[in-house]
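# Structural overview
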Amino acid sequence: MAHERSSEVRLSPSGYEEDIRAVLAPRLAYFEAVARHEHVTRAAQELGVPQSTLSRAMVRLEHDLGVDLFARRGRTVSLTHAGRSFLGSAERALAEVEKAAESVRADADPATGKVAFGFLHTMGSETVPALIRAFRADHPRVRFQLVQNYGEAMIERLRAGDLDLCLTSPVPDAPDLVARRLDEQRLRLVVPDDHRLASRRRVRLAEAADESFVTLEPGYGLRRITDDLCAEAGFTPRVAFEGEEAETLRGLVAAGLGVALLPPPAVARPGVVELTVTAPRAAREIGVAWLDGHQDTPPVAAFKQFLLSRRGHLLPD
């Protein structure tokens, strides 16, 4: 293998890190094969490339690094001290690339792949477990990476590529997302069982205008819906507490801290009465969202289709 040096300026690892990555990455497998065989011809045969191409690649690699990686003896080569040091790092880098490739292939496998799925806290006790149980009846080995969070945080993770799908409310309307309405959930005014309204079955939301409210924090979809419904009823809610989880709010209502607009509980909680709101119509839409233009893997496509098939009967009775 002819070994030539030129007077060209070499790349500097400190000044041209992106360039170093660009020129080194494609040559690591070539270098590893030559180092393992200690013979350019045999390495070229294994790689399926012309010997001249491989030889030039190694010369260029040494030039870009500014060190001799090989000592040449006729048709054979052996690693220099610098070459042995570089080989260890190259082998680790190639192993990481192979590991990453195996991981993404496994995640895309139709039978055993992975779905990264986000959902609201209020969907976690019954709705999502029931959905996954029903889906896995036909796809028993599909894996789920589950994220439970509030709507805006899930949308951010969807855009960042951390999630494939998310179940959220309100149904988002954004140009970079695709969203489909799946179901509707009625909200109730939750009051302490000794409250002045506790003997009622139905109530207009305006009748709670003078009450203190316990609500979710700003940024939660249910908080936005609460604020909008109160505004429609003609008042701004006086907030006594802002929390992160609906059942905590229900407990604080039982303790007499205020009233709340909440979806139905999975299990009835003592100490509170849940009233149907007759005006304005108190409900929230539940939908599934995903990133527009994103190519689904087979398991994600299957779960997406399953969710869409549940339109109108997503929620437990």
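In this text, all values refer to a predicted model and were calculated from it rather than measured experimentally. (Residues numbered from 1 in each chain as written. Predicted model: local features only at pLDDT ≥ 70, side-chain atom pairs only at ≥ 80, totals over all residues. Heavy atoms only, no water.)

### Description of the overall build of the chain
- Scanning the chain from N- to C-terminus turns up 10 helices and 13 strands.
- Expected size for 317 residues packed as a compact globule is a radius of gyration near 20 Å; at 31 Å, the chain overshoots this value by more than 25%.
- In terms of its C-alpha atoms, the chain occupies a principal-axis envelope of roughly 100 × 45 × 35 Å.
- Expressed as a percentage of the 317 residues in the chain, the buried residues total 42%.
- Contacts in the chain between residues at least 24 apart in sequence constitute 73% of all its contacts with a sequence separation of at least 6.
- When the accessible surface of the chain is split by element, carbon and sulfur atoms take 48% of a total near 16700 Å². (Helix = DSSP H or I, 4+ residues; strand = E, 2+ residues; numbered from the N terminus. Rg over C-alpha atoms; globule rule 2.2 N^0.38 Å. Buried < 20%, exposed > 50% of the residue type's maximum accessible area, 1.4 Å probe, protein only. Contact = heavy atoms within 4.5 Å. Areas by Shrake-Rupley, 256 points an atom, 1.4 Å probe, with all protein chains shown as cover.)

### Considerations on the pattern of salt bridges
- Evaluated as defined, the whole model comprises 21 salt bridges.
- Where E46 meets R36, a salt bridge forms, and the shortest distance between an N and an O atom there is 2.8 Å. On the criterion of sequence distance, the pair formed by E46 in helix α3 (residues 40-47) and R36 in helix α2 (residues 28-37) is long-range, its members being 10 residues apart.
- For R36, a relative accessible area of 45% corresponds to the partly exposed category.
- As a salt-bridge pair, E62 and R72 come within 2.6 Å of each other at their nearest N and O atoms. Taken together, the residues span a long stretch of sequence, with E62 in helix α4 (residues 51-65) and R72 in strand β1 (residues 70-73) at a distance of 10 residues. (Salt bridge = Lys/Arg side-chain N within 4 Å of Asp/Glu carboxyl O.)

### Some points on unusual backbone geometry
- Omega for the peptide link from S169 to P170 comes to -5 degrees, which places this bond in the cis form.
- If you trace the backbone, P170 turns up in the loop between β5 (165-168) and β6 (177-186).
- Of the consecutive residues A279 and P280, the connecting peptide bond is found in the cis state with omega at -10 degrees.
- In the Ramachandran plot, E38 falls in the positive-phi region, its phi being about 50 degrees despite a non-glycine side chain.
- Residue position: E38 is located in the loop between α2 and α3.

### Some points on the confidence of the model for the chain
- Residues with a pLDDT of 70 or more make up 92% of the chain, whose mean pLDDT is 90.
- Counted against residues more than four places away or in other chains, residues 1-16, with its pLDDT under 50, gives 34 contacts. (pLDDT = per-residue confidence, 0-100.)

### Topic: the packing of α2 against α4
- Relative orientation of the contacting elements α2 and α4 amounts to 105 degrees, with a least axis distance of 10 Å. Overall, the two elements α2 and α4 adopt an arrangement that is roughly perpendicular. Note on element contacts: α4 touches α2 through L54, A57, M58 and L61, opposite Y30, F31 and V34.
- When the residues that make up the contact of α2 with α4 are grouped by side-chain class, the tally is seven nonpolar, no polar and no charged. (Axes fitted to C-alpha atoms, helices over the stretch in contact; angles between N-to-C directions. Parallel < 35°, antiparallel > 145°, perpendicular 65-115°, else oblique. Nonpolar A, V, L, I, M, F, W, Y, C, P; charged D, E, K, R; others polar.)

### Concerning the pairing of strand β9 (residues 212-216)
- When you tally the buried positions in β9, you get four out of five residues, the bulk of the element.
- Judged from the five bridges that link them, β9 and strand β10 (residues 238-243) form a sheet pairing that is parallel. Its bridge partner being in β10, S212 is matched across the sheet by R238.
- Regarding the hand of the β-α-β motif, the stretch spanning β9, helix α8 (residues 221-232) and β10 is right-handed. (Pairing = 2+ DSSP bridges. Right-handed = clockwise from strand over helix to strand, strands pointing away.)

### Some points on the nonpolar core
- F117, L167, F303 and L307 are the most contacted members of the largest nonpolar core, which has 36 residues in total.
- Considering each element in turn, this core owes the most residues, five residues, to helix α10 (residues 298-309).
- With sequence-adjacent residues up to four places away left out, L307 is seen in contact with F117, L131, L165, L182 and V288.
- Counting residues in each nonpolar core, the second largest holds 29 residues, with V191, A198, A260 and L275 among its members. (Core = buried A, V, L, I, M, F, W, Y, C linked by side-chain atoms within 4.5 Å.)

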